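Listed below are the residues making up each chain.
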Amino acid sequence: MQPEAKTTVNPTAGDSVLVLSYWNLNTPSFGGARRIRALLDCLGDRALLVQPAPAHPYTRSWTFGPNLGKRKVGINWGMFNFLLPATAFRVRRLVRRERPALIVVTSIWSYLPLRRMKGLPPVVLDAHDVLGNAIEERHGARHLFTRMVRAWERRVVSRADHVFACSDLDRAQFIARYGVPADQVSVVPNGVDMEAWSGSADAGSVDPAVESALHGATVLFFMGKLDYQPNREALKFLAGQVLPELERDGGGSCRLLVCGGPPPAVSPHPGMVFAGRVPDIVPYVRRADICLAPIFTGSGTRLKILEYMAAGKPVVATPKGAEGLAGEPGVHVELAEPAAFASAVRRLASDPALAARMGAEARRLAAERYDWRVIRTGWQAVLSRLGAG
């Protein structure tokens, strides 16, 4: 077990907000981690983050180990971190010692060490999705894992004092599926740091070897955790259907730049250029002509699309990929079913003026609706009402 990490910030007992994460958030390389980072920024000095070691660089942290999330076989084992008896025991001891004003669980699995505790302060679930829906889409309603997730999600949302959903669609699902009272679930959408995507931001450059592989081509772009099932499915679709169709029509003038890791198991198409995990994603997105989000399963909303939009890039997405977002089809995002996906990409690639207009409208929408500086007021309003303002 790792010792508690301390910083100079130390709110008095009863004043802190305990944030439980089964992910280590030091390098927020995926959407869920970036959402939690925005929540921590909203809480400021009152946040006390519980996460796998090592400690967070700027948020007061209490760390634990071992981290089951390092096991990369099959399912995401990290979700069971708080089920480990020693970790759960020490989390409960931390709650009793710290006496926080509020506890925020960032996943239904983060509630595990609290499940038998009495006399807890208000507990809030910041839900990145309706997990039961996502698992049911992948495995079917009767699968044992689906039933387990449904049962546990129902238990957590029924015990939470409030639930934050990331879209109106997810909010409606929590109410309809689990009977959460309407006044106990509110929408705080996923967002984006618009300042990081401003034209004046110093974002470095693309690796020269990657740049060489892209030279002279129309650059398509995809990013994400490549061991995450929806992203694996997306890459398989792009390699097996979209790129071959574009090749037949365009003579191989497109390259698909892929950022993220670990290296995918799908057989790479010769038109795919893998940059891997990069220190700064901004210059790679800026290098793109068209960004892609062919997502077929899942719940919540896709932060990758918001970041594409913030960069002012035209986006081609499946309806599932853009689910829950406010963008108007054909104006802020191009929606396409699988059979028409390559045609939608080709249309934007052949009409730079249309692509530029769509990118500009997408960036305007991101700034108006999805800047974290605007969004966090939704968190603040509810947390203040619950005694953590």
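This text gives an overview of the structure that appears in the document. Here the residue numbering is sequential within each chain, running from 1 through the sequence in written order. Side-chain atom pairs in this predicted model are given and counted only at pLDDT of 80 or more, local residue features only at pLDDT of at least 70, and totals for whole chains, interfaces and linings cover all residues. Hydrogens and water molecules were not included; the side-chain quantities draw on all heavy atoms of the structure.

**Comments concerning the side chain of Lys313**
Only runs of H or I of at least four residues qualify as helices and only runs of E of at least two qualify as strands under DSSP, and these elements are numbered from the N terminus. Residue position: Lys313 is located in the loop between helix 9 (303-310) and strand 12 (315-317). Nitrogen and oxygen atoms within 3.5 Å of one another constitute a polar contact, given that in protein one can donate a hydrogen and the other can accept it, and given that sequence-neighbouring residues count only through two side-chain atoms. Within polar-contact distance, the side chain of Lys313 engages the backbone oxygen of Ala288 at 2.8 Å. Once residues lying within four places of it in the same chain are set aside, the contact partners of Lys313 are Val285, Arg286, Ala288, Cys291, Tyr308, Gly359 and Ala362. Residue contacts follow a heavy-atom distance rule, with two residues in contact if any of their heavy atoms lie within 4.5 Å.

**As for the environment of Asp15**
Secondary-structure assignment places Asp15 in the segment before strand 1 (17-20). For the pair Asp15 and Gly179, spaced 164 residues apart in sequence, the C-alpha to C-alpha distance is 31 Å. Residues within four places of Asp15 in sequence aside, it is in contact with Arg46, Arg99 and Ala101.

**Comments concerning the packing of aromatic side chains**
A ring pair, where both rings are aromatic, is described by two values, the distance of the centres and the angle of the planes. Ring pairs shown here join Phe, Tyr and Trp side chains whose ring centres sit within 6.5 Å, with only the six-membered ring taken for Trp; geometry is labelled stacked below 30 degrees between planes, edge-to-face above 60, and tilted in between. Taken as a whole, this structure holds eleven aromatic pairs when the rule is applied. With centroids separated by 5.2 Å and ring planes inclined at 55°, the aromatic side chains of Phe64 and Phe82 adopt a geometry described as tilted. Note that Phe64 is positioned in strand 3 (residues 61-64) and Phe82 in the loop between strand 3 and helix 2 (85-98), a separation of 18 residues in sequence. Plain terms: the ring middles of Phe174 and Tyr178 are 6.4 Å apart, the flat faces sit at 40° to each other, and that makes the pair tilted.

**Side note on the nonpolar core**
Among buried residues, those of type Ala, Val, Leu, Ile, Met, Phe, Trp, Tyr and Cys that are joined through side-chain atoms within 4.5 Å constitute a nonpolar core. Each residue's exposure class comes from its accessible area (1.4 Å probe, protein chains only) as a fraction of the maximum for that residue type: buried when under 20%, exposed when over 50%, partly exposed otherwise. Ranked by internal contacts, the top residues of the largest apolar core, which has 126 residues, are Phe174 and Phe221. Apart from the residues lying within four places of it in its own chain, the contact partners of Phe221 are Leu256, Leu257, Cys259, Ile281, Tyr284, Val285, Ala288, Ile290, Cys291, Leu292 and Tyr308.

**Considerations on the packing of helix 4 (residues 144-159) against helix 5 (residues 168-178)**
Note on geometry: axes are lines fitted to C-alpha atoms, helical ones only across the stretch in contact, with angles between N-to-C directions running from 0 to 180 degrees. Relative to each other, helix 4 and helix 5 sit at 100°, their axes nearing to 11 Å. Taken together, the axis directions place helix 4 and helix 5 in an arrangement best described as roughly perpendicular. Here Arg150, Glu153, Arg154 and Val157 of helix 4 lie close against helix 5, whose contacting residues are Phe174, Arg177 and Tyr178. Following the grouping adopted for this structure description, the nonpolar residues are Ala, Val, Leu, Ile, Met, Phe, Trp, Tyr, Cys and Pro, the charged ones are Asp, Glu, Lys and Arg, and the polar ones are all others, Gly among them. Across the contact of helix 4 with helix 5, the residue classes break down as three nonpolar, no polar and four charged. Geometric relationships in this document are graded by angle, where less than 35 degrees denotes roughly parallel, more than 145 denotes roughly antiparallel, 65 to 115 denotes roughly perpendicular, and other angles denote oblique.

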